[in-house]
Amino acid sequence: MNLLKSTGTIAGLTLVSRIFGFVRDIMLARILGAGAAADAWQLAFQLPNIFRRLFAEGAFSAAFVPLFNRKMEADEQRTAAQNFAVDVLSVFVPILLIFTAVMMIAMPGLLWLIDDFGRGGRSGSFSLSLARITFPYLGLISITTLFAAILNSLSRFAAAAAAPIMLNICMIAALLAAHLVNGGNDPRQTAYFLAIAVSSSGLVQMLWLYYWARKTGFRFPLRMPKFNADVKELGVLILPAVFGAGIYQISRFIDLFFLGRLPEGSFVYLAMADRLNQLPLGIIGIALGTAILPALSRFIAKDDQGGAQRLQSNAIELAMLLTIPAAIALFFAAGPLVTSFYVGGKFTAGDGETTAAVVAALVVGLPAYVLVKVLIPGFFARRDTKTPVYTAGISLLINVALNLLLIPVYGIKGLAFAGAMAAWCNCIMLYIMLHRRGHFHLEWTLLLRIGRITLSAAGMAAVLIYAAPIGDGLYDGTIWQRIGSITALVSIGGLVYAALAWLTGAVDRDKITMLTKKKAAEDAASEGNL
C-alpha cells in the first residue's frame, strides 16, 4: 500500500471537511454566541456524536475490517465477503433501532444527570426536544460505518473521507436558512434548524456511501437477522472493543458531567476549542489510523513482522512530522487564531480569551492523541481488542482524578488539561504493551528523527512568540484584516518550520520520495529499506 498516497487522500478530504467545519463554527459563534441556547445545542449535538465515535471510529471498524479482509483473501470472487457484510448488516440494523429507541425514551433522565441533577438549567423541554431531534443521526451514521469499512478494506478511502463534508454543508445550510427566517435573532429557532439538519445529514451520508459500496460490486439485500458463526465471531471481537471504546465514551460523558457544573458557555468554549484541536487530529491521526489498519492486517496475515514494524514506524514518523509543529503552533498562536475565527457578533472578546486558554490546554495532548490512533491498529490487526480496553480504563481513572484536582482551581482549562495528560498516559501504556510483546519498538533512527522534528518546531515557536503580537488590532478587524494577519502568521510559522526541518534532517528526503512513488515504496518495503 502507498501509505503517503492513502493518507493524503483521507487527509485532503478531511481537510476540506474541517474547513467547512470552521465555516460552520464561525457562523455558530456569531449567530448563537455562548449563551443558554448555544449550550443546549452543543449538548444535544454531543450526545449522538459520543455514540457515533464508539461505532464509526472505534469498535465496529476495528473488529470488522480484519475479518472482512480475511474473507477477501480467501475468496477472489468476493462471495464470502459479500455474505459476511449482508449478515452483519441484518443484525446491526435492528440493534441500532432498539438502542436509539431506548435512548430517546431515557433522554430526560440522561439530561438531568448531566445537568447537575437538573440544577444547571440545561435539562428543560427545549434541550430535551433538541436532543431527541438529533439522536436519530446515530443510527443512520452507524449504518454508514459498515459501508465505509468495506470501502476502506478495498483501499478506496475517498468516498468515506468525503462523507463528513455533508454534515457541515447541511448545518451551514440550516444556519443560512435560519438567518433568512429570523435574521439570526431567535437562537432557539436556529437551534431547531440545526438539529433537523444533523439528522438529515445522517441520511445523506448513508445514501452516499451505499451508492459507492454498490459501485464496488457489493449488494445489500434485506434479510432476517441471522446469528451465524461469522457474526458470532465478530461479536466476540467487537464486545471488548465496544467496552474499550465505551471507556473512552464514559470519559466523554464524565466531561459532560463536569461541564454541566461549570458556568454558562462552557459547552461552547470546549466545542470551539476542540474544533482547532481536531483539525490536525482528524487530518493526521484518523487518516493514518484508517489507512494503516487494512495494510497492517495483511502484513500480519502473511506473518510479515518486519513489514508490520516498518509500516507502523513510517506512520509514526509521518504523524510526528506534522503533529508536533501543529501542536506547538496552536499553543503559541491560540489567541490570534481564536480571535480571527470566532470573535464577533454574539461571541465576545472575553469568550475568545477563555476559548484560547482551552485550546492551549487541549493541544498539549495532541501528539498523544495522534499516536494512540497509530498504535491501536497494532492490536486490532492482531485481533486483540482487549489490551486497549485495559489501557483506556486506566487512563479514564487518571482523567477523573485529574479532573477532580484541576477543575476546582482552573475550571474548564483544568478539564482540558486533564484529558491531555490522560491521553499521554494511554499512549505510553499502549507502546509498552506492543514493545513487550515484540510487535513494535521505537528504533534509534526514528527517535533521532523525532528529536530533530521537535527542535525544528521549537525554532518555529520562538519566531511565533515574536511575530504574533505584531498583528494585534488586526486579528479582530475587518474580514480582510483577519484573513491577511492570520495568513501571514501561519505562513511565517510554516516556512520557518519547513526550512529548519529540511536543514536539520527532520525530513527524510529519500523516504518521502519512496513513499510518493508506489513502485519504489513496494520495492523498498520488500528489501527492508522502508
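Residues numbered from 1 in each chain as written. Predicted model: local features only at pLDDT ≥ 70, side-chain atom pairs only at ≥ 80, totals over all residues. Heavy atoms only, no water.

1. Quick notes on the overall build of the chain
Turning to step 1, where the next piece is worked out: Within the chain, the regular secondary structure consists of 21 helices and 0 strands.
Turning to step 2, where the next piece is worked out: Taking all 530 residues of the chain together, 57% fall into the buried category.
Turning to step 3, where the next piece is worked out: Across the chain, the fraction of contacts at a sequence separation of at least 24, relative to all contacts at a separation of at least 6, is 84%.
Turning to step 4, where the next piece is worked out: Of the accessible surface of the chain, which amounts to about 21,900 Å², a share of 68% is contributed by carbon and sulfur atoms. (Helix = DSSP H or I, 4+ residues; strand = E, 2+ residues; numbered from the N terminus. Buried < 20%, exposed > 50% of the residue type's maximum accessible area, 1.4 Å probe, protein only. Contact = heavy atoms within 4.5 Å. Areas by Shrake-Rupley, 256 points an atom, 1.4 Å probe, with all protein chains shown as cover.)

2. Concerning the environment of I394
Turning to step 1, where the next piece is worked out: As for its position among the elements, I394 is in helix α16 (residues 387-410).
Turning to step 2, where the next piece is worked out: Residues I394 and A422, 28 residues apart in the sequence, show an inter-C-alpha distance of 8.7 Å.

3. Some thoughts on the side chain of T134
Turning to step 1, where the next piece is worked out: The residue T134 is located in helix α5 (residues 125-134) in this model.
Turning to step 2, where the next piece is worked out: For T134, a relative accessible area of 0% gives the class buried.
Turning to step 3, where the next piece is worked out: Apart from the residues lying within four places of it in its own chain, the contact partners of T134 are W41, A44, P48, A195, V198 and S199.

4. Examining the nonpolar core
Turning to step 1, where the next piece is worked out: W41, L47, L256, I316 and M320 are the most contacted members of the largest nonpolar core, which totals 109 residues.
Turning to step 2, where the next piece is worked out: In terms of residue count, helix α2 (residues 36-56) provides more of this core than any other element does, 10 residues in total.
Turning to step 3, where the next piece is worked out: For L256, the contacting residues outside a window of four places in its chain are L43, Q46, L47, I50, I114 and F267. (Core = buried A, V, L, I, M, F, W, Y, C linked by side-chain atoms within 4.5 Å.)

5. Brief notes about the packing of helix α12 (residues 334-341) against helix α13 (residues 349-362)
Packed helix pairs are characterised by how far apart their axes lie and by the angle those axes make with each other.
Turning to step 1, where the next piece is worked out: At their nearest, the axes of α12 and α13 sit 9 Å apart, and the two run at 135° to each other. Taken together, α12 and α13 sit at an angle that is classed as oblique. Judged by the twist between their axes, the crossing of α12 over α13 is right-handed. Counted together, A334, G335 and V338 of α12 and G352, T355, A356 and V359 of α13 form the full contact between these two elements.
Turning to step 2, where the next piece is worked out: Here the residues of the contact of α12 with α13 are counted per class, giving 4 nonpolar, 3 polar and no charged. (Axes fitted to C-alpha atoms, helices over the stretch in contact; angles between N-to-C directions. Parallel < 35°, antiparallel > 145°, perpendicular 65-115°, else oblique. Left-handed = near helix turned anticlockwise from the far one by under 90°. Nonpolar A, V, L, I, M, F, W, Y, C, P; charged D, E, K, R; others polar.)

6. As for the packing of aromatic side chains
Turning to step 1, where the next piece is worked out: Counted under the stated rule, the structure contains 15 aromatic pairs.
Turning to step 2, where the next piece is worked out: When the centroid spacing of 4.9 Å and the interplanar angle of 65° are considered together, the rings of F147 and F220 count as edge-to-face. You can see F147 sitting in helix α6 (residues 137-153) and its partner F220 sitting in the loop between α8 (187-215) and α9 (229-259), a full 73 residues away along the chain.
Turning to step 3, where the next piece is worked out: Relative accessible area serves as the criterion here: at 4%, F147 is assigned to the buried category.
Turning to step 4, where the next piece is worked out: Exposure remark for F220: the relative accessible area of 9% places this residue in the buried category.
Turning to step 5, where the next piece is worked out: In textbook terms, an aromatic cluster arises when at least three aromatic residues are bridged by ring pairs, as seen for F64, F68, F84 and F218.
Turning to step 6, where the next piece is worked out: Lying across the ring of F126, R188 places its NZ or CZ 4.4 Å from the centre. (Phe/Tyr/Trp six-rings, centres within 6.5 Å; stacked < 30°, edge-to-face > 60°. Lys NZ or Arg CZ within 6 Å of the ring centre and 35° of its normal.)

7. Looking at the confidence of the model for the chain
Close inspection of predicted coordinates is inappropriate in any region flagged by low pLDDT.
Turning to step 1, where the next piece is worked out: Mean pLDDT over the chain: 83, with 86% of residues reaching 70 or higher.
Turning to step 2, where the next piece is worked out: Per-element confidence in the chain ranges from a low mean pLDDT of 38 for helix α21 (residues 518-527) to a high of 94 for α13. (pLDDT = per-residue confidence, 0-100.)

8. Structural notes on helix α17 (residues 412-436)
Because the α-helix completes a turn every 3.6 residues, residues three or four places apart line up on one side.
Turning to step 1, where the next piece is worked out: For α17, spanning 25 residues, the distance from its first C-alpha to its last is 37 Å, which sits close to the expected 36 Å at 1.5 Å a residue.
Turning to step 2, where the next piece is worked out: Two residues or fewer past α17, G438 is found with a positive phi of approximately 75°. (Expected span 1.5 Å × (residues − 1).)

9. Describing a nonpolar patch on the surface
Turning to step 1, where the next piece is worked out: Where nonpolar side chains cluster on the molecular surface, the patch consists of L15, I19 and V23 and spans about 230 Å² of accessible area.
Turning to step 2, where the next piece is worked out: Counting through the fold element by element, I19 comes out in helix α1 (residues 3-32). (Patch = residues over 30% accessible without salt bridge, like charges linked within 9 Å, V, L, I, M, F, W, Y side chains within 5 Å. Salt bridge = Lys/Arg side-chain N within 4 Å of Asp/Glu carboxyl O.)

10. So, the pattern of salt bridges
Turning to step 1, where the next piece is worked out: According to the stated counting rule, one finds 5 salt bridges in the structure shown.
Turning to step 2, where the next piece is worked out: When the shortest N-O distance is used, the salt bridge between E233 and R70 registers 2.8 Å. On the criterion of sequence distance, the pair formed by E233 in helix α9 and R70 in helix α3 (residues 59-74) is long-range, its members being 163 residues apart.
Turning to step 3, where the next piece is worked out: The exposure class assigned to R70 is partly exposed, which follows from its relative accessible area of 36%.
Turning to step 4, where the next piece is worked out: Two residues, D230 and K71, come together in a salt bridge whose shortest N-O distance is 2.9 Å. Taken as a pair, D230 in helix α9 and K71 in helix α3 lie far apart in primary sequence, 159 residues in all.
Turning to step 5, where the next piece is worked out: In this structure K71 comes out as buried when scored by relative accessible area, which is 16%.
Turning to step 6, where the next piece is worked out: Each of R24, D25 and R275 takes part in one network of salt bridges that share partners.

11. Here's the deal with α6
Turning to step 1, where the next piece is worked out: With 17 residues, α6 ought to run about 24 Å at 1.5 Å a step, and its terminal C-alpha atoms sit 24 Å apart, in line with that.
Turning to step 2, where the next piece is worked out: Buried residues dominate α6, accounting for 16 of its 17 residues.
Turning to step 3, where the next piece is worked out: One or two positions beyond α6, positive phi appears at S155, with a value near 60°.

12. Let's talk about the packing of helix α11 (residues 305-332) against helix α14 (residues 366-375)
Turning to step 1, where the next piece is worked out: Where α11 contacts α14, the two axes come as close as 9 Å, and the packing angle between them is 160°. Considering the angle they form, α11 stands roughly antiparallel to α14. Crossing angle aside, the handedness with which α11 passes α14 is right-handed. Every residue of α14 that contacts α11 at Q312, A315, I316, A319, M320, T323, A326, A327 and L330 is listed here: L366, P367, V370, L371, V374 and L375.

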